[in-house]
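Coordinates in review
Each chain, letter by letter, is given below.
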Amino acid sequence: LAQSYKHWNDQGQFTNPETPGYVGFANLPNQVHRKSVKKGFEFTLMVVGESGLGKSTLINSLFLTDLYPERVIPGAAEKIERTVQIEASTVEIEERGVKLRLTVVDTPGYGDAINSQDCFSTIISYIDDQFERYLHDESGLNRRHIVDNRVHCCFYFISPLGHGLKPLDVQFMKAIHNKVNVVPVIAKADTLTLRERERLKRRILDEIDEHGIKIYHLPDAESDEDEDFKEQTRILKASIPFAVVGSNQQIEAKGKKVRGRLYPWGVVEVENPEHNDFLKLRTMLITHMQDLQEVTQDLHYENFRSDRLKRGGRLKGPEPEEMDKDMILQEKEAELRRMQEMIAKMQAQMQKQGDGEGEGQHV
Amino acid sequence: MANTPRSRVNLLSKAISGTHSSTGGSTLLGYIGIDTIIEQMRKKTMKTGFDFNIMVVGHSGLGKSTLVNTLFKSQVSRRSAGWARDEKIPKTVEIKSVSHVIEEGGVKMKLTLVDTPGFGDQINNDNCWEPISKFINEQYEKFLKEEVNITRKKRIPDTRVHCCLYFISPTGHSLRQLDIEFMKRLSHSVNIIPIIAKADTMTTEERQEFKQRVRKELEMSGIEFYPQKEFDDDMEDKSDNDKIREAMPFAVVGSDKEYQVNGKRVLGRKTAWGVVEVENPNHCEFAQLRDFLIRSHLQDLKEVTHNIHYETYRAKRLNENGGLHPISSSDTQESNL
């Protein structure tokens, strides 16, 4: 290496604008970037909230795609027999060569029943199952194609009609805040005047504090970032929870076509920051996708993993639970038998030795 | 021909209107002055005033208090949009009554608003309609006790619920299970008027679709809301009420704040994209609800409550006890409401 430096210096000029001593590993982030772009990104977003809060419309608006093409909205009578379902839809979005494999996990039936006592056990099981599956794959022999289906972010939809959080909201968020990044969102924000919106946001933040709910916190901008980015981060942080409006319709307003909702008294523009926080939510999601994945990996997954390994038991693969329990039982019984045999052998040996000593040496 | 008290009053007024009616009476040979009875009734009513009891039911945040204040253009309910900092959702359904005397054009009305905080707000809302049902029956019981007394008061205080406004959440999808359960169970003991709350959440098309879906669900569940079809007497009533039933449930917006729009002061909600005018029929159906509830059917609500719902309760009660005798206080405590 020293020779090559000398070689450059002797030449007196060099074609690359590199200073002597430059190794070149500063190029590493670019290589990582290129590899990631080639590999593509995976992101799983879960949406939770009662029926009619505009969840599907918002997701379609966020990603400018229709994730629910054959949707049928059930009536109240049909809803009676339903429990909470988990429905995952995956869509591949590509923009400027960057591929995103987005999975949206929907939870229809949440909060619909008269008695919603048990409505989120299904959701929690789903989140845990994804962690379990990842743990099993990670500990397996062939780790080349681990698919990451872990939930990276959960948008929790709060009704704008109430005076703050409902008891169900509080209970649910407390049950999942240690398993997934929770981003509270005020739905259908065009129901609220500006003052009502501010009051509601403050009320929700107070209640989140009061109940010790841990929502996802945007990391502060690094000190070496430019002022614009820092300011943007400040604004985003100050606007949580985001009050959003979604729409898939184009309306004519002020001479141009905008995405919005047409009322007799005016047009609500989805992408107008004075009307609602849709753009902020989208910006936050896109610029922090990487961070959301990291926090899921470093915090929530690690918590799950250490809890799980402490508890013990075999790491579940994608096998049904009953068979697994039987197998564990069988193994334990086999182990027990082996240990009993060993004890019996040891006892026999001790017996022999005892006899041997008493009667002199055996041949 | 139906001979309910409603139709009897109509016949009477028609006969008095001066035309020589064909209901079998003899023709009048001169002016007597029977028609002045209407004026006498009116004067009496103005002197005594009248009671109206309205109950609001719906989960928290649907604008119930604001709507009642808007309907009666006064601060009937102190719980309006300014939430108290320490206002918590009660753990069970509470029944809170507050009365005000309001006056208009020399007519005094004692308006009682019965609020039901806590309804539908819990995680487990099983049977949350029971305290409400119990309250309604208790008022019937109170009235019955007074009626059956040997020495009766000149004017029995009427605390019976004349009208129950049921607030439907504007999800845009369909009714919720709780909505159907409540209305099914209570539509036979009280006049239920379902309304779609906070209608400024929906565009005009969304509102129409939602209304249609809700009406179909109400029909499928056999819920008879006020004005009930079975109590329509004559064709005139029926056609008026048919029109109203077609337009129900009314999608309303309430507000107690005024804003300047096109040079006029209007009640409304001001947003960054426009002002929602409460009394503008293009914006919402508040004006229709108000006209229906107050300007045309206020008396009818009271009559149906007294002649039908109360009578049903009374018949059931008297059949239980086996006969008309003054009910002592010990009996009412044992009776299972």
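Throughout, residues of each chain are indexed from 1 in the direction in which the sequence is written. Starting at A for chains and at 1 for ligands, labels are handed out in the order in which the entities are written. With the structure being a predicted model, the display of local features is reserved for residues of pLDDT at least 70 and the display and counting of side-chain atom pairs for 80 or more, all residues being used for whole-chain, interface and lining totals. To obtain the side-chain values, all non-hydrogen atoms of the structure were used and water was disregarded.

What to know about the confidence of the model for chain B
All names here are of chain B. Which entries qualify depends on this criterion: Every residue gets a pLDDT, meaning the predictor's confidence in that residue, from 0 to 100. Contacts are assigned to residue pairs that have any heavy atoms within 4.5 Å of one another.
Per-residue confidence for chain B gives a mean pLDDT of 83; residues scoring 70 or more make up 84%. Below a pLDDT of 50 lies the segment residues 1–5, which in the model reaches 4 contacts outside its immediate sequence neighbourhood of four places, other chains included. Here the predicted complex carries an ipTM of 0.77, next to a pTM of 0.78.

Describing the packing of helix α8 (residues 227–238) of chain A against helix α9 (residues 278–287) of chain A
Residue and element names in this part refer to chain A. Our working definition: The angle between two axes is taken between their N-to-C directions and runs from 0 to 180 degrees, where each axis is a line fitted to C-alpha atoms and a helix contributes only its stretch in contact. Secondary structure follows DSSP: runs of H or I at least 4 residues long count as helices, runs of E at least 2 residues long count as strands, and numbering of each begins at the N terminus. Each crossing gets its handedness from the near helix: less than a right angle anticlockwise from the far helix is left-handed, clockwise is right-handed. Think of it as three bins: nonpolar holds Ala, Val, Leu, Ile, Met, Phe, Trp, Tyr, Cys and Pro, charged holds Asp, Glu, Lys and Arg, and polar takes everything else, Gly as well.
Here α8 crosses α9 at 115°, and the two axes come no closer than 10 Å. In terms of crossing hand, the pair formed by α8 and α9 is left-handed. Touching Q232, I235 and L236 of α8 are K280, T283 and M284, all from α9. Its residues placed into classes, the contact of α8 with α9 shows 3 nonpolar, 2 polar and 1 charged.

A short note on a negative patch on the surface
Put simply, the test is: Surface patches are drawn from residues lacking salt bridges whose relative accessible area is over 30%; two like charges belong together within 9 Å, two nonpolar side chains (Val, Leu, Ile, Met, Phe, Trp, Tyr) within 5 Å. For the accessible areas, the method is Shrake-Rupley and the probe is 1.4 Å, while residue cover comes only from the protein chains on display. Whenever a carboxyl oxygen of Asp or Glu lies within 4 Å of a side-chain nitrogen of Lys or Arg, that contact is scored as a salt bridge. Charge counting follows a simple rule: Lys and Arg are positive, Asp and Glu are negative, and His as well as the terminal groups are ignored. For this purpose, a charge sits on NZ of Lys, CZ of Arg, CG of Asp or CD of Glu.
Taken together, the side chains of E222, D224, E225, D226 and D228 of chain A present a region of like negative charge at the surface. If you trace the backbone, E222 of chain A turns up in the loop between α7 (194–210) and α8.

So, the pattern of salt bridges
It is possible for side chains bearing opposite charge to pair when their charged atoms get close. Stated formally: Throughout this description, buried means an accessible area under 20% of the type-specific maximum (1.4 Å probe, protein chains only), exposed means over 50%, and partly exposed covers the range between.
Within this structure, the stated rule accounts for 41 salt bridges over all chains. Across the salt bridge formed by R308 of chain A and E132 of chain A, the nearest N and O atoms sit 2.6 Å from each other. Highlighted residues: R308 of chain A in helix α10 (residues 289–311) and E132 of chain A in helix α5 (residues 121–138), separated in sequence by 176 residues. Classification of E132 of chain A by relative accessible area gives buried; the value is 7%. Between D291 of chain B and R295 of chain B there is a salt bridge, and its shortest N-O distance comes to 3.4 Å. Placement of both D291 of chain B and R295 of chain B in helix α8 (residues 286–296) is noted, with a separation of 4 residues, approximately one turn of the helix.

Focus on the sheet that holds strand β8 (residues 256–263) of chain A
All names here are of chain A. The condition is simple: DSSP-based pairing: two strands are paired if at least 2 bridges between them are found.
Taken together, 3 strands build an open sheet; the order of strands is β7-β8-β9 and the sheet is antiparallel. The open sheet is flanked by β7 (250–253) and β9 (266–269), the only strands paired with a single partner. Taken over all neighbouring pairs, the strand axes of this sheet differ in orientation by 70° on average, direction set aside. Looking at chain direction, β8 and β9 are connected through 4 bridges and run antiparallel. Within the sheet, the bridge partner assigned to R261 lies in β9 and is V268.

Topic: the environment of K96 of chain B
Residue and element names in this part refer to chain B. Stated precisely, the cut-off is as follows: For this analysis, a polar contact is any N or O atom pair within 3.5 Å, provided that within protein one partner can donate a hydrogen and the other can accept it, and provided that sequence-adjacent residues contribute only side-chain to side-chain pairs.
For K96, the position within the fold is in strand β2 (residues 96–104). Between the C-alpha atom of K96 and that of R155, which follows or precedes it by 59 residues, the distance is 24 Å. With residues up to four places along the chain from it excluded, the contact list for K96 reads L113, V114, D115 and P117. Here E94 takes part through its side chain, which lies 3.4 Å from a polar atom of the side chain of K96.

Structural notes on the sheet that holds strand β7 (residues 258–261) of chain B
Residue and element names in this part refer to chain B. One open sheet holds the 3 strands; their spatial order is β7-β8-β9, and the pairing between them is antiparallel. For this open sheet the edge positions go to β7 and β9 (274–277), each flanked by a neighbour on one side alone. The sheet shows a mean angle of 70° between the axes of neighbouring strands, taken without regard to direction.

With respect to the confidence of the model for chain A
Residue and element names in this part refer to chain A. In this model, chain A carries a mean pLDDT of 82, and residues with pLDDT of at least 70 account for 84%. Within chain A, strand β5 (residues 182–186) carries the highest mean pLDDT (96), whereas helix α1 (residues 2–11) carries the lowest (44). Segment residues 1–15 is flagged for pLDDT under 50; beyond a separation of four residues in sequence, or across chains, it makes 4 contacts in the model. Residue range residues 358–363 is modelled with pLDDT below 50. Its contacts to residues more than four positions away, or to other chains, number 2 contacts.

Here we look at the pairing of β9 of chain A
Burial along β9 of chain A is two-sided: G266 and V268 of chain A and V267 and E269 of chain A, pointing in opposite directions, are all buried. In sequence, β8 of chain A turns back onto β9 of chain A through a hairpin of 2 residues.

With respect to the interface of chain A and chain B
The criterion, for reference: When two parts are put together, the accessible area they lose, computed with a 1.4 Å probe and summed over both, is reported as buried area.
Counting from both sides, the interface comprises 47 residues of chain A and, opposite them, 49 residues of chain B. Between chain A and chain B the total buried area reaches about 4,300 Å² when both faces are included, carbon and sulfur atoms providing 53% of it. On the surface where chain A and chain B come into contact, there are 3 salt bridges. R261 of chain A is paired through a salt bridge with E206 of chain B; the nearest N and O atoms lie 2.7 Å apart. Those elements that provide at least two residues to the side of chain A that touches chain B are α4 (76–79), α6 (167–176), α7, β8 and β9 of chain A. For the side of chain A that touches chain B, the leading source of residues is α7 of chain A, giving 8 residues. Split into classes, the residues belonging to the side of chain A that touches chain B amount to 18 nonpolar, 14 polar and 15 charged.

Comments concerning the packing of α5 of chain A against α10 of chain A
Residue and element names in this part refer to chain A. Our working rule: Angular relationships are summarised with four words: roughly parallel below 35 degrees, roughly antiparallel beyond 145, roughly perpendicular across 65 to 115, and oblique for the angles in between.
At a minimum axis distance of 10 Å, the contact between α5 and α10 shows a crossing angle of 80°. On the basis of their axis angle, the class for α5 and α10 is roughly perpendicular. Residues D128, F131, E132, Y134, L135 and E138 of α5 lie in contact with α10, whose contacting residues are T296, Q297, H300, Y301, F304, R305 and R308. Of the residues assigned to the contact of α5 with α10, the class counts are 5 nonpolar, 3 polar and 5 charged.

Here we look at a nonpolar patch on the surface
Together, I37, I38 and M41 of chain B make up a nonpolar patch on the protein surface, roughly 270 Å² of accessible area in all. When you line up the elements, M41 of chain B lands in helix α2 (residues 36–48).

Section: the side chain of N125 of chain B
With respect to the element layout, N125 of chain B can be found in the loop between β3 (107–115) and α4 (130–148). Under the relative-accessibility criterion, N125 of chain B is labelled buried at 7%. Only 3.4 Å separates the side chain of N125 of chain B from the backbone oxygen of G120 of chain B, close enough to count as a polar contact. If near-sequence neighbours (up to four positions away) are discounted, N125 of chain B is found in contact with I114 and N115 of chain A together with G120 and L178 of chain B.

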